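Here is how the chains run, residue by residue.
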Amino acid sequence: MDVMWLRSSALEVGVITYGARIVSVRTPDRDGTWGETTLALADVDAYRNASGYLGACVGRYANRIAGARFTLDGTEYRIRPNEGENALHGGPDGFDSYEWSTDGPDGSSVTLRHTSPDGDNGFPGTLAAAVTYTVTGPELSIEHTATTDKPTVVNLTNHTYWNLAGGGSAEDHEVQLHAGHVLPVDGGSLPTGPPVPVDGTPLDFRSPVRLGARIRDGHPQLVAVHGHDHNYVVDGPRGELRAAARVVEPRSGRTLELRTDQPGVQFYTANMLNGTLVLRDGTTARQTDAFCLEAQGFPDAPNHPDYPSTVLRPGEEYRSRMDFAFGTA
């Protein structure tokens, strides 16, 4: 596997062109011992054959679009469905399944590019997308940009699965989300309406909570999606880089903090992993063996006029940023 490495004295990040994927993030624990903090596969063929979008840039539209259709400027567009009647992460053969182009690393940074033609999976407009990964000290910055030649919708994010312990269950990770509201969902993981307060529910992570503490709670929102898989409304002004999450792994002492300029972050506890995914170290991955923090626009926003718009028009530039800062506690 041809991996492009970005390094600093505190962080090593491996990236491949297939799906513009992160395939490794290594950082020291509290004792200075370096270790892997992501779910990683053995080679490119393993990534091609695996489900779950491990480490990939997903698009054109991260998360779900209900009924695989939306109306823009009076025209209805039908997306190819890939999750029942709905479109997930851009539909089948999304951005995660393409070879992205790159000129290779420039020091501790690398930019990958992909052009999605007009009508790709049903989306309008030729979309020129790019993602730049940059390592600075203990921080990994992920910046997405895109332009279009027709009005369209776009929502890009990174789908890395994190486990700061370096393996095994992630249930002892302590998770804090800087979000007082969350989007309620139905059994298809589709939002059902405006954001609701997290107060008094097992979806409240405003103070640190052990990841596995509530996952088997009988609350209808947890039952609906078999665990945690919800889009949280990040506190603070949209469009400004602000704190979204902090995670601590007590055994290793590793910490992870996320800042983003996006309106939401999808907190996902790998509910669909069922033990069939064989990792690079020969172990298999199951639910709660990792978690995702996917900063993004709201799911199904094209069908919810009251959500922050994900429309991109000619002459505009889509931009999103996720900063992951690593440390020890």
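Conventions used here
- Residues numbered from 1 in each chain as written.
- Predicted model: local features only at pLDDT ≥ 70, side-chain atom pairs only at ≥ 80, totals over all residues.
- Heavy atoms only, no water.
- Salt bridge = Lys/Arg side-chain N within 4 Å of Asp/Glu carboxyl O.
- Helix = DSSP H or I, 4+ residues; strand = E, 2+ residues; numbered from the N terminus.
- Contact = heavy atoms within 4.5 Å.
- Polar contact = N/O pair within 3.5 Å; in protein donor to acceptor, adjacent residues only side chain to side chain.
- Buried < 20%, exposed > 50% of the residue type's maximum accessible area, 1.4 Å probe, protein only.
- Pairing = 2+ DSSP bridges.

Student: Looking at this model, I keep getting lost on the pattern of salt bridges. Mind explaining?
Tutor: Pairing is possible between side chains of opposite charge, provided their charged atoms come close. For the coordinates displayed, the defined rule picks out 19 salt bridges. Where R78 meets E76, a salt bridge forms, and the shortest distance between an N and an O atom there is 3.1 Å. One salt bridge in this structure joins R259 and D323, with 3.6 Å as the shortest N-O distance. Here R259 is found in strand 22 (residues 254-260), whereas its partner D323 is found in strand 28 (residues 318-328), with 64 residues between them in sequence. It is possible to trace a salt-bridge network through shared partners that takes in E139, R259, R321 and D323.

Student: So what exactly am I meant to see when it comes to the environment of H89 here?
Tutor: Along the chain, H89 turns up in the loop between strand 9 (87-88) and strand 10 (101-102). In the structure, H89 is positioned 32 residues away from C57 in sequence and 9.4 Å away in space, judged by C-alpha atoms. Discounting residues that sit within four places of it in the chain, H89 has contacts with Y53, V58, G59, R60, Y61, A62, N63, G94, H159 and E294. At 3.5 Å, the side chain of H89 and the side chain of H159 are in polar contact.

Student: Is there a simple way to explain the environment of V13 in this structure?
Tutor: In this structure, V13 sits in strand 2 (residues 12-16). Classification of V13 as buried rests on a relative accessible area of 0%. C-alpha of V13 to C-alpha of S108: the two residues are 95 residues apart in sequence and 9.4 Å apart in space.

Student: Sorry, what's going on with the pairing of strand 11 (residues 109-116) here?
Tutor: Two faces belong to every sheet, and in a regular strand the side chains alternate between them. Note: strand 10 against strand 11, 2 bridges, orientation antiparallel. Its bridge partner being in strand 11, S101 is matched across the sheet by R113. Here strand 10 folds back onto strand 11, and the loop between the two strands holds 6 residues, one of which, G104, carries a positive phi near 90 degrees. With 8 bridges connecting them, strand 11 and strand 12 (residues 127-136) associate as antiparallel partners. Of the residues in strand 12, the one forming a bridge with H114 is A129.

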